[in-house]
Every structure is written in C-alpha cells, then in structure tokens.
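Report on the structure
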There are 2 protein chains.
Amino acid sequence: MSKVESPKNVRNGKSSLDDADARILAALDADARLSMSELARLIGMSAPSVSERVRRLEAAGVIRGFTIDLDTRAIGYQIRAMVRIRPLPGKLHLVERMIQERPEFIECDKITGDDPFLARLVVRSIEEMDDVLEALSEHAVTSTAVIKGTSVKRRLPPL
Amino acid sequence: MSKVESPKNVRNGKSSLDDADARILAALDADARLSMSELARLIGMSAPSVSERVRRLEAAGVIRGFTIDLDTRAIGYQIRAMVRIRPLPGKLHLVERMIQERPEFIECDKITGDDPFLARLVVRSIEEMDDVLEALSEHAVTSTAVIKGTSVKRRLPPL
DNA sequence: GTTGAAAATAGCACGAA
DNA sequence: TTCGTGCTATTTTCAAC
C-alpha cells in the first residue's frame, strides 16, 4: 500500500515547519537569547540539531532577525500614538520620506483605504507630538489616536 | 565652582541611559543574539561590564525581553491587515476577549477616538480574513485596511 | 540527528581607578 | 560606583558516525 505522508511538513505552502521548528520559534519568541543547549533541552533534541534548525529558519527567511522588546516609556517616550496619514495630492512620496526621516515614527505600514499610511509614533511630551504632526500638516492630513493600553501584546500567530 | 553635571545621565526623567547603554541597545536591537564578548568589542568595554549593563537594563524594564522578528508570510500568513474595531454598546469587554482569543490578531492596542481597538491581523487567505471579521460582526463594527507594504520597519526611537 | 573534543564564551570573585 | 582581570563552568562549533 502507498505511504501516506505525515502532516509534519505540509502545514503551509511555503517553508514547511514541523513541530520541532514550531516549538523552536515559540521558545525563541519568548526568549531569543536562550542558549542553543538550553533550547535543545526544551525541544528534546541535541544542541547541534537545534542550532542547525535555527540556522535554516534564518536562511529561509522565517526568522528575519533577533531583536529586543524595548519599553519606550522607560526611556522617556511617555506617549505612544497611532497616526493615520493622508498626503495631499502629489505629496505621497514626500510625505513618506518625511515619515521615514522622523525617528519618532518607529513603524509605518502602507495600507489600503483613504489613508495610505498608518504609523506608530512615540514622543516624550504633547509638545513633541505637536511638533511632529505640525511638520506634516503642510503636506498631509493626519488622524491621531493616542494609545491608552494594550489588549494583545505582540505574539506569534498559530504555527 | 560647582560641578556641572555631564549630559550622560540626564537625558530623560526615568532610567538615565548613557552613551554606552544607548549603543548597547542599538546593537542588541540589530542582533539580540550577539554574545556579550562580541557586544563588548563593539562597545569598547570589557565583557563583564557590558553584561552587567544589559542585566541592569533588563532589571530597569528598559529591555522587556529578547525576541525574534518573524516573517509571517514565510509561514503561510500571506495577508496582513490593520483592523479598527468598534464594539457595539455594552460589548466592549466581550469584544476585547474575542480579539485576545483569536490568535490571528497578533497585536492590539487600546486607543482614543471612535474605535477603541486597533489590531494587527494576519491570515492565510481572504476566506480566513472573512471568518475572523465575520465572527466579530455580531458584536462590533470593523474597518479593515490591508497592509500593502512597509515604509518604516520597527526601529528604536532616538536614544 | 547524535556524540565527543577543541575553541569560544559566560559568570563569578576580586582588585583598581 | 563602575570597570577590568583571571578563573572555572558552560556553551558553541566541527568532525565523524
């Protein structure tokens, strides 16, 4: 009889994560500085195996990098906001460059809908927020929503 | 004459980062898995000193944790969207719980303005997106903007 | 994917600026 | 206090299987 393929490597169209990979990703998402030997213990494999899997996940582009979760408030940026930005006609690229050059915009997505940009802004004070938005006001209409709290902290989707 | 305090430790009200701390954070943001010895080389200090500084940055809550930057598309989540969610009267907490229990919502902020929640959604297909939004539709009004691209990748604000 | 050995690293105590 | 040195335990890496 013909062999039925196990579901291990066919969970999605692209990078074929198996259970071990999924557990590695979850563990590294929780603590990216785990040593390979500790990670290996958690996964129940040898360190070289786990190390090679991490290397492959990086090479495959699944892991784009290892980074820190920084509390911007702890370094003085007391206010966070989400800003929708609608450049005036002909100002799309100018405005995009302005966003990129303002380091207080720590993230910006290009989205569908009336407002082409949705950016995450951190500032030390209301005055600084006004400065940033004022600078854009000549070239774009903005809608700012201050972040009051977090319902879901960054997490991985189901693997 | 009285001693003038150097600007090293007074850059903000809270955690007093000096230049070394700032460079450590920038280096770890770029690669959180740098060894302490490598990091020490980059910063120009001894490994124990740098190690102690990292420990303190964690203890101070500046570094909340070390994590991975995962490419959700590489694991099959082809579509990303930002969803504004306005619960119907009396449904605020119910809707918040629903968001939290849907793992495809990988991030959700509580914001000021007409829509109390702004969530990041990843899905494998339009059908899955419809499922998620449909589940909410009984208790909330949603506005969905598909993410077409990124203008600013997550980065640190000025330190 | 595992094992085992060599090189690199981390963590600790202690001393110096 | 904050940083550097020297020690030991752990970890990483590479080879062979």
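Residues numbered from 1 in each chain as written. Chains lettered and ligands numbered in written order. Predicted model: local features only at pLDDT ≥ 70, side-chain atom pairs only at ≥ 80, totals over all residues. Heavy atoms only, no water.

As recorded in an unreviewed UniProt entry, chain A goes by the name AsnC family transcriptional regulator, listed as coming from Rhizobium wuzhouense.

Let us now look at the overall build of chain A. A tally of regular secondary structure across chain A gives 5 helices and 5 strands. When its helices and strands are written in sequence order, chain A yields α-α-α-β-β-α-β-β-α-β. Over its C-alpha trace chain A gives a radius of gyration of 21 Å, far above what one expects of a compact globule, namely 15 Å for 159 residues. Summarising its shape, the C-alpha atoms of chain A cover approximately 70 × 40 × 25 Å along the three principal directions. (Helix = DSSP H or I, 4+ residues; strand = E, 2+ residues; numbered from the N terminus. Rg over C-alpha atoms; globule rule 2.2 N^0.38 Å.)

DNA strand D sits among A:Ser35, A:Met36, A:Ser37, A:Arg41, A:Pro48, A:Ser51, B:Met45, B:Ser46, B:Pro48, B:Ser49, B:Arg53 and B:Arg56. When atoms of DNA strand D within 4 Å of the protein are split into backbone and base, the sugar-phosphate part holds 83%. A:Ser37 is positioned such that a nitrogen or oxygen atom in its backbone is 2.8 Å from a phosphate oxygen of DNA strand D. Within the side chain of B:Arg56, one N or O atom sits 3.3 Å away from a phosphate oxygen of DNA strand D. Of all the secondary structure elements, the ones that give two or more residues to the surface near DNA strand D are α2 (36–43) and α3 (47–59) of chain A together with α3 (47–59) of chain B. Considering each element in turn, the surface near DNA strand D owes the most residues, 4 residues, to α3(B). When its residues are assigned to classes, the surface near DNA strand D shows 4 nonpolar, 5 polar and 3 charged. (Near = heavy atom within 4 Å. Polar contact = N/O pair within 3.5 Å; in protein donor to acceptor, adjacent residues only side chain to side chain. Nonpolar A, V, L, I, M, F, W, Y, C, P; charged D, E, K, R; others polar.)

Of the pairings in the sheet, the one linking strand β2 (residues 79–87) of chain A to strand β5 (residues 140–152) of chain A comprises 7 bridges and is antiparallel in character. Paired with A:Ala81 across the bridge in β5(A) is A:Val146. Of the strand pairs in this sheet, β5(A) and strand β3 (residues 105–111) of chain B are connected by 4 bridges, and their pairing is antiparallel. The residue of β3(B) that forms the bridge with A:Gly149 is B:Lys110. (Pairing = 2+ DSSP bridges.)

As a further point, take the protein's contact with DNA strand C. Close to DNA strand C lie A:Met45, A:Ser46, A:Pro48, A:Ser49, A:Arg53, B:Ser35, B:Met36, B:Ser37, B:Arg41, B:Pro48 and B:Ser51, which account for all nearby residues. What you see for DNA strand C is that sugar and phosphate hold 83% of its atoms within 4 Å of the protein. A distance of 2.8 Å separates a phosphate oxygen of DNA strand C from a polar backbone atom of B:Ser37. Contributing elements (two or more residues each) for the surface near DNA strand C: α3 of chain A together with α2 (36–43) and α3 of chain B. Grouping the constituent residues of the surface near DNA strand C by class yields 4 nonpolar, 5 polar and 2 charged.

Residues and elements named next belong to chain A. Among the surface-exposed residues, Glu127, Asp130, Asp131 and Glu134 lie close enough to one another that they form a single negatively charged patch. When you line up the elements, Asp130 lands in helix α5 (residues 126–137). On the accessibility criterion, Asp130 (46% relative accessible area) is partly exposed. (Patch = residues over 30% accessible without salt bridge, like charges linked within 9 Å, V, L, I, M, F, W, Y side chains within 5 Å. Areas by Shrake-Rupley, 256 points an atom, 1.4 Å probe, with all protein chains shown as cover. Salt bridge = Lys/Arg side-chain N within 4 Å of Asp/Glu carboxyl O. Lys, Arg positive; Asp, Glu negative; His and termini not counted. Charge placed at Lys NZ, Arg CZ, Asp CG, Glu CD. Buried < 20%, exposed > 50% of the residue type's maximum accessible area, 1.4 Å probe, protein only.)

This part covers the pairing of strand β1 (residues 63–70) of chain B. Look at any regular strand and the pattern is simple: side chains alternate between the two faces of the sheet. Within β1(B), 6 of the 8 residues are buried, which leaves it mostly tucked inside the rest of the structure. As judged from the 7 bridges shared by strand β1 (residues 63–70) of chain A and β1(B), these two strands associate in the antiparallel manner. Looking across to β1(B), one finds that A:Leu70 is bridged to B:Ile63.

Below, the discussion takes up the nonpolar core. Nonpolar side chains in soluble globular proteins generally cluster together in the buried interior. Residues A:Leu25, A:Leu39, A:Val54, B:Leu25, B:Leu39 and B:Val54 are the most contacted members of the largest nonpolar core, which totals 52 residues. Discounting chain neighbours no more than four positions away, the residues touching A:Val54 are A:Ile24, A:Leu28, A:Met36, A:Leu39, A:Ile63 and A:Phe66. (Core = buried A, V, L, I, M, F, W, Y, C linked by side-chain atoms within 4.5 Å. Contact = heavy atoms within 4.5 Å.)

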